[in-house]
Every structure is written in structure tokens, then in C-alpha cells.
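Single-letter residue listing:
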Amino acid sequence: MERIAVEGFKGALLGEGDDGYDDARTIFNSMIDRRPGLIAQCGSVADVQAALAHAQANGLEVAIRSGGHSVAGASSIDGGIVIDMRRMNAVEVDPEAKTATVAGGATWRDFDRATQAHGLATTGGRVSSTGVAGLTLGGGSGWLEREWGFACDNLLEVEIVAADGRVVTANEDENSELFWALHGGSGNFGIATRLVFRLHNLPASTFALLAWPSEVGPELARTYRDLIEAGAPTQLGGGVAYLTGPPEPFVPEHLHNERVIGLIGVFAGTEAEMRDVLAPIYALEPQGGLTAEMPYAEIQCAIDDPPGFRNYWSASHLVSLPDEALELYCRQGEEMIVPSPSQHLLIPWGGAVADQATDWPMTHRGATWVTHPFGLWEAPGDDERGIAWTRRSVAELKPYDVGSAYLNFVADAGEDQVRASYGEENYARLSAVKSEFDPDNVFHLHHAIRPLASA
């Protein structure tokens, strides 16, 4: 095989047949099996520029990879070039300014471990191997979003390589319209090579994972809903989840590999404070589980999903959660594939998520609850069943939905859903930004926003 040369590129180039190619092309969702023509493993901004210039000069379609967690497979491509950012994973913390400067290929594991050393944190992904850039540019939902907002709400500055190779800095004062668009407009405008975040003090953090047989689901879900809606403090994150009982010492043997209903609790505070807030939940006498103060970085990887499974997810963003909607959610949990790593999550919003609802492009932030059918399974023979479960779970809750979605949670959002998730006014504004920084629609694989000429 003839070696491909990329002018000015100093990183590693991998093509079909090269050692390491198959590992480098593999992404989190095993349902996606693509074979890029070239994988450019970048070590610097100059490498990113060189790889992008090569793609443009040779008419290659471009995919950007950081964590590789895009459920739709936007991190890879058949035949084109993957600009692989994973070598650019540095995180620098300024404890005095309470900021973190993050390279474009860092994961939340990298981020959380660096900030934790200074007793600082911000909202990050619920799975620690998720890329910081991709999650944040799509919004950035995470366990403590009710307290600190989405990850994108904590952005202070972003550096991108635009489609024409320019290095562009965006913040509130410089390229402010681009900065606005990067708060949920996804990777439509360029390749993020540096992100600067605001950090928050976090002297203590507590995690709980409690389990009951699944028939307790309706009672637990109602109790949790009532607790949140009665004014539970925003320091409480987490949610209710149907899942397969893990074969762990803190789960009784009769629940191992069985369908269970769980309570995931993440609290910005001490164990005593959390137990006080969750007293109505503990009163339901969980049959298994753990509650403990632990470092935030450990909480962030406590329910990491293993790679290599087939993934198909979606979400419903609910105006409210009446008993009828809660009953639907619980019935859907009983229909989930078990045993499997699948989860059916019920997550409260409000708090800081709603406080900034009108500041940025996404229109779904007024939702009070999110249900997240998170389908993962191993056998291709379960594809039809798993996909149907996810789609049915969303369709059944349509009467209670706000009509738009957090697109990072959605496996197959078409143009209509993308437009609805931003609203026509915001979509037009995003299209104008797209026209300035990517007029030829080079970056179009992830919830694509069209430039004005084709919008």
C-alpha cells in the first residue's frame, strides 16, 4: 500500500492495513463499523490545520474524533479522513482564577482528575471516557447540571480551526456570535482545539446507588418526583433508572442480572447532608446499594458503560411529569432488554438548567424532566428489538414533550428534529454563523446546521 503524505503534518497517519488501524477506527458504538481512508492522529493545532487542508485539497469528507462517543457515529466515516484529537488531551488548571484550559482531545476523565486535585469541578459527562469538546459543544448534560448548568454554560472561551484553516478565538468579547453558537450548536463551525471552563468549589461530594426489585419502580419514581418537585436542593443530581442488577457485593445475589429499579444520587456536599435530603427514598428500604462520600472524579466514572456494545439512545424532554407519564416510563422500564447494560433513566432538570434557558441556542431547557431510554446490547440479533424499544419509549411520551431535544442524547436526529431543537429563529442565527466559518458545510456529520445559502 502506498504511503499517504500530508504536507506539514507531524503526527501519526494510519490507513487500511497499518498496525493499529483497526483499534484507531473503533468507536464506542459497535453498531457503527466504518473504515476511514485515513486517520490523522494530531499532536498539535498545526497538525489539525494540515490534516484539514489535506482533506480539502483532496475532496475528502471529514470526521472529528475526541472521545468517540457520538451514538450516531459522527466520530468516524467511510473512506474520508478522521481527524483524531486524542493525543491532544492536556488539561491545565488555574486554581486562583478557578479555570481549566483543555485541549480538544481530552476526555472527562482527564478533566475531572486534573480539577479534583484543587477541590474544583464543573458539570461534565456521565461517562468518563466521553470527549470534553463534543459533549460541551452539544450542550453538556451531566449529574450536577441543576447546580452549575450544562458544561457549555461554564465555557469562557473556545479556540477552533475553521473550515478554511484559520485559528479563531471565541468568547464574550471576541467573535461573540460564534461563542453563542458553540453553546449547543455542536461541531458545525470548526474543530475545537482549546476550551476554557469556569470551575466551582467542591469540598465534598457524595454518591449513592440504591436498588430495589423492579416492581417497586412506580412507588420509587413517584416518591422521587415528589421530592424534587417539593424543592429538593439543586446540589442533588442523579435520577431514577431501570437497569440490570450488577453482580457487585453491595447488591444482594437475588438481584444479580435481574431487572431492578435504582436510585442514582450525586450530591455536591457531605453524606450526612445527602441522606437528609433523600430521607423519603431511604424510607423505602432499598434491598441493596451503597452511599459514600468519594472524590468527584470517581463518581464521574462510577457507572461508566463498557465499550463494544451496540448503542441506540434517545430522550423525551417533558413539560411536566403527571402520574400518567410516570406510569408510561415505568412500563417502558419493564420492557427494556435484560440482562444488558441498558438503562432507562428519569432525570430532573430545572435549577441552573432552566435559569439560562433563553441565553443559548437550545430551546428544550425549560423541560422539567428528561426520560432517557439508553439502549445497549451485545448481539446484532437484538437490534430490531432494542431500537424499537427506544423509539417506542419516546413516541409514547410525545403528549408530554416540549417538542425539542438535547441532541447529544439522540441516535438519529433528522433535519426536522435539529431545527425543532433550536427553533426557527435560533436555527437561522446558527446558519448565519455557519455561513461565516464553514460556508461549504465541511463539518456536517453531527446534527448538521446548513449554511444560509442552503438552509
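Basis of the calculations
- Residues numbered from 1 in each chain as written.
- Predicted model: local features only at pLDDT ≥ 70, side-chain atom pairs only at ≥ 80, totals over all residues.
- Heavy atoms only, no water.
- 1 Å grid on protein atoms, 1.4 Å probe; cavity = no way out; pocket = protein on both sides within 12 Å on 5 of 7 lines; lining within 4 Å.
- Points joined across faces, edges and corners; volume = space filled by probe spheres on them.
- Nonpolar A, V, L, I, M, F, W, Y, C, P; charged D, E, K, R; others polar.
- Pairing = 2+ DSSP bridges.
- Helix = DSSP H or I, 4+ residues; strand = E, 2+ residues; numbered from the N terminus.
- Axes fitted to C-alpha atoms, helices over the stretch in contact; angles between N-to-C directions.
- Contact = heavy atoms within 4.5 Å.
- Buried < 20%, exposed > 50% of the residue type's maximum accessible area, 1.4 Å probe, protein only.
- Polar contact = N/O pair within 3.5 Å; in protein donor to acceptor, adjacent residues only side chain to side chain.

Undergrad: I keep staring at the layout of surface pockets and nothing clicks. Help me out?
TA: A water-sized probe rolled over the atoms picks out the places where empty space is left. By volume, the largest pocket is sized at about 520 Å³. In terms of lining, the largest pocket is formed by 23 residues, of which the most central are Leu243, Thr244, Pro246, Ile303 and Asp304. By residue class, the composition of the lining of the largest pocket is 14 nonpolar, six polar and three charged. Computed from the structure, the second largest pocket encloses a volume of approximately 190 Å³. For the lining of the second largest pocket, the class distribution of residues is four nonpolar, five polar and five charged.

Undergrad: Teacher, can you tell me more about empty space enclosed by the protein here?
TA: On inspection of all chains with the given rule, the structure shows four cavities of 30 Å³ or more. Taken as a whole, the largest cavity encloses approximately 860 Å³ of empty space. In terms of lining, the largest cavity is formed by 50 residues, of which the most central are His69, Ser70, Gly134, Leu135 and His446. A class-by-class count of the residues in the lining of the largest cavity yields 25 nonpolar, 22 polar and three charged. By volume, the second largest cavity amounts to about 50 Å³.

Undergrad: Mind showing me how you'd approach the sheet that holds strand S3 (residues 62-65) here?
TA: In any sheet, the strands associate via hydrogen bonds between backbone groups, in a parallel or an antiparallel arrangement. An order of S1-S2-S4-S3 is seen for the four strands of this open sheet, with the pairing classed as mixed. Each edge of the open sheet carries a strand with a single partner, namely strand S1 (12-14) and S3. Within the sheet, the average angular offset between the axes of one strand and its neighbour, ignoring direction, is 20 degrees. Sheet topology note: the S1/strand S2 (residues 38-41) ladder contains three bridges and is antiparallel. Paired with Ala12 across the two strands is Gln41, which belongs to S2. This element, helix H2 (residues 45-57), spans S2, S3 and strand S4 (81-84) of the sheet and lies at about 170 degrees to S4.

Undergrad: Can you walk me through the sheet that holds strand S8 (residues 155-161) in this structure?
TA: One open sheet holds the five strands; their spatial order is S5-S6-S10-S8-S9, and the pairing between them is antiparallel. Whereas interior strands pair on both sides, the edge strands pair on one side only; in this sheet they are strand S5 (91-94) and strand S9 (167-170). Averaged over all neighbouring strand pairs, the angle between strand axes comes to 15 degrees, with direction disregarded.

Undergrad: Would you take a moment to explain the environment of Thr115 for this structure?
TA: One can find Thr115 in helix H3 (residues 108-116). A C-alpha to C-alpha distance of 9.2 Å links Thr115 and Lys98, two positions 17 residues apart in sequence. Discounting chain neighbours no more than four positions away, the residues touching Thr115 are Val93, Ala100, Leu120, Ala121 and Leu199.

Undergrad: I would appreciate a short explanation of the side chain of Ser141 in the present structure.
TA: Structurally, Ser141 is set in the loop between helix H4 (132-137) and helix H5 (145-148). Ser141 sits in the buried class, given a relative accessible area of 2%. At 2.6 Å, the side chain of Ser141 and the side chain of Glu145 are in polar contact. Discounting chain neighbours no more than four positions away, the residues touching Ser141 are Thr123, Gly124, Gly125, Arg126, Leu135, Phe150, Trp349, Tyr406 and Phe409.

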